[in-house]
Amino acid sequence: DAKTTQPTSMDCAEGRAANLPCNHSTISGNEYVYWYRQIHSQGPQYIIHGLKNNETNEMASLIITEDRKSSTLILPHATLRDTAVYYCIVRSNNAGNMLTFGGGTRLMVKP
Amino acid sequence: DAGITQSPRHKVTETGTPVTLRCHQTENHRYMYWYRQDPGHGLRLIHYSYGVKDTDKGEVSDGYSVSRSKTEDFLLTLESATSSQTSVYFCAISKQNTEAFFGQGTRLTVV
């Protein structure tokens, strides 16, 4: 599976958009980009995923560049409850379908 | 939490004793995973299963065994617990090529 690179930490003001970048320059054609977050010591929570088109759901938007080498997760109106570690994961479709976690980005939403 | 239950949620055990953690799902998902999470290491895959009686090793499988005798249950066994296996253990489930859902975790302390 391709590796990802994310900033270690980021701050965001409450009510503003949080834009979390991720580089995955070695991604291959059948690999999806997944985003998860982990709040405190809870289990990771699925946010969104995509292959090459931009995606939006009730939680966030995912913007994938045309060459698929990077992506951005956007939380449109961050709240204090969005403070968490955000993981960008590239996942292949081979047997196992496992998720390989990196270090993630620690997002701190401040009042 | 997507029909996934881990038990026990907390356990303290002595070095050298066997320990079994249980992951139970009500979603009939094909894939099940066991991860461990330690400070400074993020989540690491221990073992996974892609069907009844079909399992494979992950990144950190030494000292662990698993069994899946029916779709809904995936057991993780530490044959002889060591202090290095003190960790938080997460189970996850998924269908083919879809998002994975995580349990709330089991905090294991080996003294």
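To keep things clear, this report deals only with the structure shown in the data block. Values in this document were obtained by computation on a predicted structure and should not be read as measured data.

**What to know about the layout of surface pockets**
At step 1: Estimated volume of the largest pocket: approximately 560 Å³.
At step 2: In this structure, the largest pocket is lined by 26 residues; those nearest its centre are A:Gln38, A:Val85, A:Tyr87, A:Arg106 and B:Gln37.
At step 3: Put simply, the parts of the chain that give the lining of the largest pocket at least two residues each are β8 (84-91) and β9 (105-110) of chain A together with β4 (31-38) and β9 (87-94) of chain B.
At step 4: Considered class by class, the residues forming the lining of the largest pocket number nine nonpolar, 14 polar and three charged.

**A few points about the side chain of A:Ser61**
Residues and elements named next belong to chain A.
At step 1: Looking at the secondary structure, you find Ser61 in strand β6 (residues 61-64).
At step 2: A distance of 3.0 Å separates the side chain of Ser61 from the side chain of Thr56, its partner in a polar contact.
At step 3: For Ser61, the residues in contact, after removing those within four places along its chain, are Ile48, Glu55, Thr56, Thr72, Leu73 and Ile74.

**Things to note about the nonpolar core**
Residues and elements named next belong to chain A.
At step 1: The biggest cluster of nonpolar side chains holds 21 residues, and the ones touching the most others in it are Trp35, Leu73, Tyr86 and Leu107.
At step 2: Counting residues per element, the ones that place at least two in this core are β2 (18-23), β3 (32-38), β4 (45-50), β6, β7 (70-75), β8 and β9.
At step 3: At four residues, β8 tops the list of elements feeding residues into this core.

**Quick look at the pairing of strand β7 (residues 64-70) of chain B**
At step 1: Note: β7(B) against strand β8 (residues 73-78) of chain B, five bridges, orientation antiparallel. Each bridged residue has a counterpart across the sheet, and for B:Lys70 the counterpart in β8(B) is B:Asp73.

**Notes on the interface of chain B and chain A**
At step 1: Each partner contributes residues to the interface: chain B has 19 residues there, and chain A has 18 residues.
At step 2: Roughly 1600 Å² is buried in total at the junction of chain B and chain A, and carbon and sulfur atoms are behind 51% of that figure.
At step 3: The largest share of the area that chain B buries against chain A comes from B:Leu43, B:Asn97 and B:Phe102, three residues that together contribute 30% of it.
At step 4: Joining chain B to chain A, the criterion identifies zero salt bridges.
At step 5: On the surface where chain B and chain A come into contact, there are five residue pairs in polar contact (both at pLDDT 80 or more).
At step 6: Listed by contribution, the elements that provide at least two residues to the side of chain B that touches chain A are β4, β5 (42-51), β9 and β10 (100-102) of chain B.

**A short note on the sheet that holds β6(A)**
Residues and elements named next belong to chain A.
At step 1: If you walk across this open sheet you meet the four strands as β2-β7-β6-β5, and the pairing is antiparallel. The open sheet has two edge strands, β2 and β5 (55-56), and neither has a second partner.
At step 2: Note that β5 and β6 share two bridges and pair antiparallel. Paired with Thr56 across the two strands is Ser61, which belongs to β6.

**Brief notes about the sheet that holds β4(A)**
All names here are of chain A.
At step 1: Across the sheet, which stays open at both edges, the five strands sit in the order β1-β9-β8-β3-β4 with mixed pairing between neighbours. What marks the edges here is a single partner per strand, and that holds for β1 (9-13) and β4. Averaged over all neighbouring strand pairs, the angle between strand axes comes to 25 degrees, with direction disregarded.
At step 2: Pairing of β1 with β9 involves five bridges; the strand directions are parallel. By the bridge assignment for β9, Ser9 is matched with Arg106.

**Some remarks on the packing of aromatic side chains**
At step 1: For the structure on display, the rule yields 15 aromatic pairs over all chains.
At step 2: With 5.8 Å between their ring centres and 80 degrees between their planes, A:Tyr36 and B:Phe102 make a pair best called edge-to-face. Of this pair, A:Tyr36 sits in strand β3 while B:Phe102 sits in strand β10, each in a different chain.
At step 3: For B:Phe102, a relative accessible area of 5% gives the class buried.
At step 4: Taken together through their ring pairs, the aromatic side chains of A:Tyr32, A:Tyr34, A:Tyr36, A:Tyr46, A:Tyr87, A:Phe101, B:Tyr31, B:Tyr33, B:Tyr35, B:Tyr48, B:Tyr50 and B:Phe102 make up a single cluster.
At step 5: The ring centre of A:Tyr34 lies 5.1 Å from the NZ or CZ of A:Arg91, which sits over that ring.

**Section: the state of the cysteines**
At step 1: Tallying each qualifying case throughout the model produces two disulfides over all chains.
At step 2: Linked covalently through their sulfurs, A:Cys22 and A:Cys88 form a disulfide whose S-S length is 2.1 Å. Because the torsion about its S-S bond is -80 degrees, the bridge between A:Cys22 and A:Cys88 counts as left-handed. Within this pair, whereas A:Cys22 is found in strand β2, its partner A:Cys88 is found in strand β8, the two being separated by 66 residues in sequence. Residue A:Cys22 shares its accessibility class with A:Cys88, and that shared class is buried.
At step 3: What pairs with B:Cys23 in a disulfide is B:Cys91, and their sulfur atoms sit 1.9 Å apart. Measuring the twist about the S-S bond at about -75 degrees, one finds the B:Cys23-B:Cys91 disulfide to be left-handed. Here B:Cys23 is found in strand β3 (residues 19-25), whereas its partner B:Cys91 is found in strand β9, with 68 residues between them in sequence. Across the pair, exposure class does not vary: B:Cys23 and B:Cys91 are buried alike.
At step 4: Here A:Cys12 is not cross-linked by a disulfide; its sulfur's nearest cysteine counterpart is in A:Cys22, at 18 Å.

Conventions we followed
- Per chain, residues are indexed from 1 in the order of the written sequence.
- Chains carry letters and ligands carry numbers; both start at the beginning, A for chains and 1 for ligands, and go up in the order they are written.
- Selection of residues for local features in this predicted model requires a pLDDT of at least 70, selection of side-chain atom pairs for listing and counting requires 80 or more, and totals for whole chains, interfaces and linings are taken over all residues.
- Here the side-chain values reflect all heavy atoms present in the structure, with hydrogen atoms and water set aside.
- Each cavity reported here is a set of points on a 1 Å grid over the protein atoms alone in which a 1.4 Å probe fits but cannot get out, each pocket an open set with protein on both sides within 12 Å along at least five of seven lines, and each lining residue one with an atom within 4 Å of a point.
- Grid points are joined across faces, edges and corners, and a volume is the space filled by probe spheres set on the points.
- In this text, helices come from DSSP runs of H or I with a minimum length of four residues, and strands from runs of E with a minimum of two, each type numbered from the N-terminal end.
- Asp, Glu, Lys and Arg are counted as charged, while Ala, Val, Leu, Ile, Met, Phe, Trp, Tyr, Cys and Pro are counted as nonpolar; the rest, among them Gly, fall into the polar class.
- Nitrogen and oxygen atoms within 3.5 Å of one another constitute a polar contact, given that in protein one can donate a hydrogen and the other can accept it, and given that sequence-neighbouring residues count only through two side-chain atoms.
- Contact definition: two residues touch when any of their heavy atoms are within 4.5 Å.
- Take the buried Ala, Val, Leu, Ile, Met, Phe, Trp, Tyr and Cys residues and link them wherever side-chain atoms come within 4.5 Å; each set so joined is a nonpolar core.
- Three exposure classes are used, based on accessible area relative to the maximum for each residue type with a 1.4 Å probe and protein chains only: buried under 20%, partly exposed in between, and exposed over 50%.
- Pairing between strands requires that DSSP locate at least two bridges from one strand to the other.
- By buried area we mean how much accessible surface two parts lose on assembly, using a 1.4 Å probe and totalling the loss over both.
- Only one rule defines a salt bridge in this text: a Lys or Arg side-chain nitrogen within 4 Å of an Asp or Glu carboxyl oxygen.
- Only the stretch in contact is used when a helix axis is fitted, and all axes are lines through C-alpha atoms; the angle between N-to-C directions ranges over 0 to 180 degrees.
- Here a Phe, Tyr or Trp ring, Trp counted by its six-membered ring, pairs with any other such ring whose centre lies within 6.5 Å, and the pair is stacked when the planes are under 30 degrees apart, edge-to-face when over 60, and tilted otherwise.
- Only when the NZ atom of a Lys or the CZ atom of an Arg is both within 6 Å of the ring centre and within 35 degrees of the ring normal do we say a charge sits over the ring.
- We call a pair of cysteine sulfur atoms a disulfide when they lie within 2.5 Å.

Just distances and angles here, no functional claims.
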